[in-house]
Amino acid sequence: MSIRDSWEYGKGVHINRMKTILVLVLLLAVSMVLSLGFGSVPIPPDRIVQTLMSGSPDTGTVDGMVLYTIRIPRTLFAVCAGAGLSLAGLLLQTITRNELADPYVLGVSSGASTGAVCAIIWGAFAFLGAYAVPFSALLGATVATVLAVFFVGKSSNPTKLVLIGMGMSALFSALTMLVIYSANHEAQVRSAMFWLLGSLSGIAWGDLPLAAIVCLGIFTFLQLVRHELDILLLGESEAHALGISVKKLQLAAVAASSLAVAALVAKAGIIGFVGLIVPHIARILSGAKHGRLTVVCTLLGGCVLLWADVLSRTLFRPEELPIGVLTACLGAPLFIWIICRRYGDAYD
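Residues numbered from 1 in each chain as written. Predicted model: local features only at pLDDT ≥ 70, side-chain atom pairs only at ≥ 80, totals over all residues. Heavy atoms only, no water.

Looking now at helix α12 (residues 274-286). In this model, α12 (13 residues) spans 18 Å end to end at C-alpha, consistent with the 18 Å of a helix rising 1.5 Å per residue. Within α12, 10 of the 13 residues are buried, leaving the element largely enclosed by the surrounding structure. Listed in full, the buried residues belonging to α12 are Val274, Gly275, Leu276, Ile277, Val278, Pro279, His280, Ala282, Arg283 and Ser286. After α12 finishes, the residue Gly287 shows a positive phi value of roughly 90 degrees. (Helix = DSSP H or I, 4+ residues; strand = E, 2+ residues; numbered from the N terminus. Expected span 1.5 Å × (residues − 1). Buried < 20%, exposed > 50% of the residue type's maximum accessible area, 1.4 Å probe, protein only.)

The next thing to look at is unusual backbone geometry. Note the cis peptide between Arg317 and Pro318, where omega equals 10 degrees. Positionally, Pro318 belongs in the loop between α13 (290-314) and α14 (323-343). Notably, Arg97 is not glycine yet its phi reads approximately 50 degrees, a positive angle. Checked against the element boundaries, Arg97 lands in the loop between α3 (62-96) and α4 (108-121). The exposure class of Arg97 is partly exposed, given its relative accessible area of 33%. You will see that Phe125, though not glycine, has its phi angle at about 55 degrees, which is positive. Turning to its location among the elements, Phe125 is positioned in the loop between α4 and α5 (132-152). Exposure remark for Phe125: the relative accessible area of 27% places this residue in the partly exposed category.

Below, the discussion takes up the nonpolar core. Counting 80 residues, the largest nonpolar core has Phe77, Leu91, Ile95, Trp195, Leu200 and Ile271 as the members making the most contacts within it. Among residues more than four places away in sequence, those in contact with Ile271 are Leu85, Tyr104, Leu200, Leu305, Ile323 and Thr327. Leu36, Ile43, Val66 and Leu67 belong to the second largest nonpolar core, which has 7 residues in total. (Core = buried A, V, L, I, M, F, W, Y, C linked by side-chain atoms within 4.5 Å. Contact = heavy atoms within 4.5 Å.)

Summed over all chains, the structure comprises 7 salt bridges. Put simply, Arg47 and Asp63 hold a salt bridge, and the shortest N to O gap is 2.6 Å. In this pair, Arg47 sits in helix α2 (residues 45-52) while Asp63 sits in helix α3, placing the two residues 16 residues apart along the sequence. When its relative accessible area of 34% is taken as the criterion, Arg47 is described as partly exposed. Residue classification places Asp63 among the buried positions, given a relative accessible area of 14%. The partner of Asp207 in a salt bridge is Lys267, and the shortest N-O contact between them spans 3.7 Å. Highlighted residues: Asp207 in the loop between α7 (186-196) and α8 (208-224) and Lys267 in helix α11 (residues 246-268), separated in sequence by 60 residues. Since its relative accessible area comes to 16%, Asp207 is described here as buried. A single salt-bridge network, built from bridges that share partners, covers Arg74, Asp309, Arg313 and Glu320. (Salt bridge = Lys/Arg side-chain N within 4 Å of Asp/Glu carboxyl O.)

What follows concerns the layout of surface pockets. A volume near 640 Å³ is recorded for the largest pocket. Along its surface, the largest pocket is lined by 28 residues, and Ala130, Pro134, Asp207, Ala266 and Lys267 are the ones closest to its centre. Of all elements in the fold, only α5, α7, α8 and α11 reach the threshold of two or more residues within the lining of the largest pocket. Looking at the lining of the largest pocket, the element that brings in the most residues is α11, giving 5 residues. (1 Å grid on protein atoms, 1.4 Å probe; cavity = no way out; pocket = protein on both sides within 12 Å on 5 of 7 lines; lining within 4 Å. Points joined across faces, edges and corners; volume = space filled by probe spheres on them.)

Scanning all chains against the criterion turns up 4 aromatic pairs. Aromatic pair Phe125 and Phe127: ring centres 6.3 Å apart, planes at 65 degrees, arrangement edge-to-face. Ring centres of Phe150 and Phe151 lie 5.3 Å apart, and the angle between their planes is 70 degrees; this geometry places the pair in the edge-to-face category. With relative accessibility at 43%, the residue Phe151 sits in the partly exposed group. One aromatic cluster is present, built from ring pairs that chain together Phe125, Phe127 and Phe135. (Phe/Tyr/Trp six-rings, centres within 6.5 Å; stacked < 30°, edge-to-face > 60°.)

With that out of the way, let us pick up empty space enclosed by the protein. For the coordinates displayed, the defined rule picks out 2 cavities of 30 Å³ or more. Of the volumes computed, that of the largest cavity is approximately 40 Å³. Taken together, Val149, Val152, Leu161, Lys247, Gln250, Leu251 and Val254 make up the lining of the largest cavity. At the level of elements, α5 and α11 are the ones that each hand at least two residues to the lining of the largest cavity. Element by element, the count of residues in the lining of the largest cavity is highest for α11, at 4 residues. Taken together, the residues of the lining of the largest cavity break down into 5 nonpolar, 1 polar and 1 charged. Approximately 30 Å³ is the volume found for the second largest cavity. Lining the second largest cavity we find Leu85, Asp102, Pro103, Tyr104, Ile271, Gly272, Phe273, Val274, Gly275 and Leu276. The dominant element in the lining of the second largest cavity, judged by the number of residues it contributes, is α12, at 3 residues. (Nonpolar A, V, L, I, M, F, W, Y, C, P; charged D, E, K, R; others polar.)

Take a look at the structure:
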């Protein structure tokens, strides 16, 4: 292939990937509007548009109250959380060079679970009122991450990082079960289990600033280190040869992803498979370079969690299905299909 042919091919691929990004932007925008109509109180699309185009929040009507106090903040949080979890999964998969890594690989979710159930069952930080459970979950996630980084030490071996994370997950999962076992009332157990399975039912406008900051922060971090991450895909020795401090990059990535996941999990509970599946699909759509991959992962993650939330509040309405159950039911078969498709002939 000549240089001109290579350039033309690259230009075509670039155009196709730009089309992919534009399609995803349009899909996300349409999805955000359409999703507002689903729930225990269905709202037709024309009334949604009419309410949104009125120019000011109108909570005097049923449609206005449902949209502005419940569904709009919930929709925006779902987009931010889906994007944040997907980006955290992408970052950890690159840093550990392990395609099975997810945002919870360092024990962040298990630590958050332990903190949350301590608040629900033992009343930890009860003086914080409604913020007791999120604060306790955030504290637990932080403790688990700090312990994982401490035990990893100065090593930059990604296998050690993953194995230490698995150990932290097992430890804090056991502690979570011990706390639940100590519960005196069945209602406490139900509340703890509902949190562990994930839900966006309590999202309000006040939860959006932190979610938006988290999503923007991890997106910015990925864009700033995109070239280093691309080089790291070649191998640790190649990265060292090109002057990249792999250990510093690992620590920065662990800190960024853990903070993002801890902040999101603290409010929404454990939402599995989004951060594992979305990066795989994004790589199929955009390739391995982290510049475009980050954008595609953000848009796709927002769409996936948004529609997962729509299904969770629609399938058994007026009751709500925990979103973690739904993402696991949908994500596990898709993940198995991706693995079989990619590695099915590896040893034939």
